[in-house]
Amino acid sequence: MEPGVLDDVPIGGRRPVTAAHLRALRALAPNADQLYLVLSVTHGPEVMSLPVLEKRVRAAGPYLLIAAADDLPAAMLPEVSAPAPEPDSPDAVSVWPARVHQPQHPDFGRSLGMAEGEQVVTRLSSLRGERRNAQTALRSLALARAVPDLRELEGGYARTGHRRGAFPRDVWHGLLAMEQLDLEPFEPVSTDAWRSGSGLPLGVLARVQLYTTDATGHFQGRAHSPHCAHQRHDGGLTRDYDLTTVEGMLHAERFDPCSKCGGYATRRLTETQLAYYRAAHDAVAQAGPATAGPPGHVGGAGLWVGQKFTRSPGVRPRVRSMSAGAVCWRWAAVMVVRSRQ
Ligand SMILES: [Zn+2]
């Protein structure tokens, strides 16, 4: 193979990769199935798996291969906490920390965030006795985060039918929180006490991705997340999944979730998204949910600034009443977080 294709010569000296190069890579490299950072004039820098790159090169080309996941230096990997203790140790922590339901708790929402995803990947590697592989997984996670649609990471399949993934399967848990968001603060205000939310704007959460087997109730049976026991593969996504957003989910009248898994997995929240999620829940917990209000709600979301939130009987425990000024102050805090997106 000529120099400049798969080696580390300066970018200016690189040559476009061809289908023949990729065939050689697959035949000779022990870890060819991983993620690659590539560059094309048409699409700019992208991250993709080897099967996708092979397909693109055959169809369009030319692509420069900039780096593989394995090339990433350890110094740029996310910092992880101390290695998890042995599973039978009394100090052992669960791979999956208990979900915190109190919005004022410092760990509220943490299990949904990207930082927790890194910790989960590390703990899973440790639990499997593959501590050395944690860095391999974290390298893949770092690249995979750049992929706009995670279904593209499906990878290829061996002749046996097993998935030939582009990364260790634990990476899926670094990308996806296999749990659901509590969207009550963002549900519209309604006179229906069973369905009424607090009407807060979705803000930076609107475009958060959700992956499910069936977002619209199109198929027979209930919707599942990729980690559900009812799914038979390795906990990852395939192109058969639906991709929707939090905004879409709020309007998904026919979404019919599995009671075991909740029906979808959430693409892990950035720090900004998590801060907004926490602030919204905290604001609702402090003020209580809103009742259906008069016309003129801000953004049509059920929040009317300057008026007092009142509790919807039977929906939440009684909380202390707040003055309109206090409500506005809390809401201002939410908006500050939103403006920092
Ligand atoms: Zn399920």
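What follows is about the environment of L181. Note that L181 resides in the loop between β6 (176-177) and β7 (209-212). Sequence-wise, L181 and V246 are 65 residues apart; in three dimensions their C-alpha atoms are separated by 8.7 Å. If sequence neighbours within four positions are ignored, L181 has contacts with L112, V246 and T266.

By size, the foremost hydrophobic cluster in this structure holds 67 residues, and its most contacted members are L53 and A144. Per-domain counts for this core show at least three residues from each of domain 1 (11-68) and domain 2 (75-177). Discounting chain neighbours no more than four positions away, the residues touching L53 are L22, Y36, V38, M48 and Y63.

As a further point, take the packing of helix α3 (residues 114-127) against helix α4 (residues 133-144). At a minimum axis distance of 9 Å, the contact between α3 and α4 shows a crossing angle of 150°. Taken together, the axis directions place α3 and α4 in an arrangement best described as roughly antiparallel. Note on packing geometry: the crossing formed by α3 with α4 is right-handed. Counted together, E118, V121, T122, S125 and S126 of α3 and N133, A134, A137, L138 and L141 of α4 form the full contact between these two elements. Taken together, the residues that form the contact of α3 with α4 break down as 5 nonpolar, 4 polar and 1 charged.

Once that is clear, we can look at the sheet that holds strand β9 (residues 265-267). Across a sheet, paired strands are connected by hydrogen bonds in the backbone, their directions being either parallel or antiparallel. Ordered by their spatial adjacency, 4 strands build an open sheet running β6-β9-β7-β8, and the pairing between neighbours is antiparallel. The open sheet has two free edges, formed respectively by β6 and β8 (242-245), since each of these has just one partner strand. Bridge count for β6 against β9 is 2 bridges, and the pairing is antiparallel. Bridge pairing links L176 to R267 in β9.

Right, let's get into the environment of A275. Along the chain, A275 falls in helix α7 (residues 271-287). Given 20 C-beta atoms within 10 Å, A275 falls into the buried group.

A few words on the packing of helix α1 (residues 19-28) against helix α2 (residues 50-59). Relative orientation of the contacting elements α1 and α2 amounts to 160°, with a least axis distance of 9 Å. The pairing of α1 with α2 is recorded here as roughly antiparallel in orientation. The two elements α1 and α2 cross, and the hand of that crossing is left-handed. Taking contact as the criterion, the partners of A19, L22 and R26 in α1 are, on α2, L50, L53, E54, V57 and R58.

Conventions used here
- Residues numbered from 1 in each chain as written.
- Predicted model: local features only at pLDDT ≥ 70, side-chain atom pairs only at ≥ 80, totals over all residues.
- Helix = DSSP H or I, 4+ residues; strand = E, 2+ residues; numbered from the N terminus.
- Contact = placed C-beta atoms within 7 Å.
- Core = buried A, V, L, I, M, F, W, Y, C linked by C-beta atoms within 7 Å.
- Buried ≥ 20, exposed ≤ 12 C-beta atoms within 10 Å, placed from the backbone.
- Domains from an automatic or database assignment.
- Axes fitted to C-alpha atoms, helices over the stretch in contact; angles between N-to-C directions.
- Parallel < 35°, antiparallel > 145°, perpendicular 65-115°, else oblique.
- Left-handed = near helix turned anticlockwise from the far one by under 90°.
- Nonpolar A, V, L, I, M, F, W, Y, C, P; charged D, E, K, R; others polar.
- Pairing = 2+ DSSP bridges.

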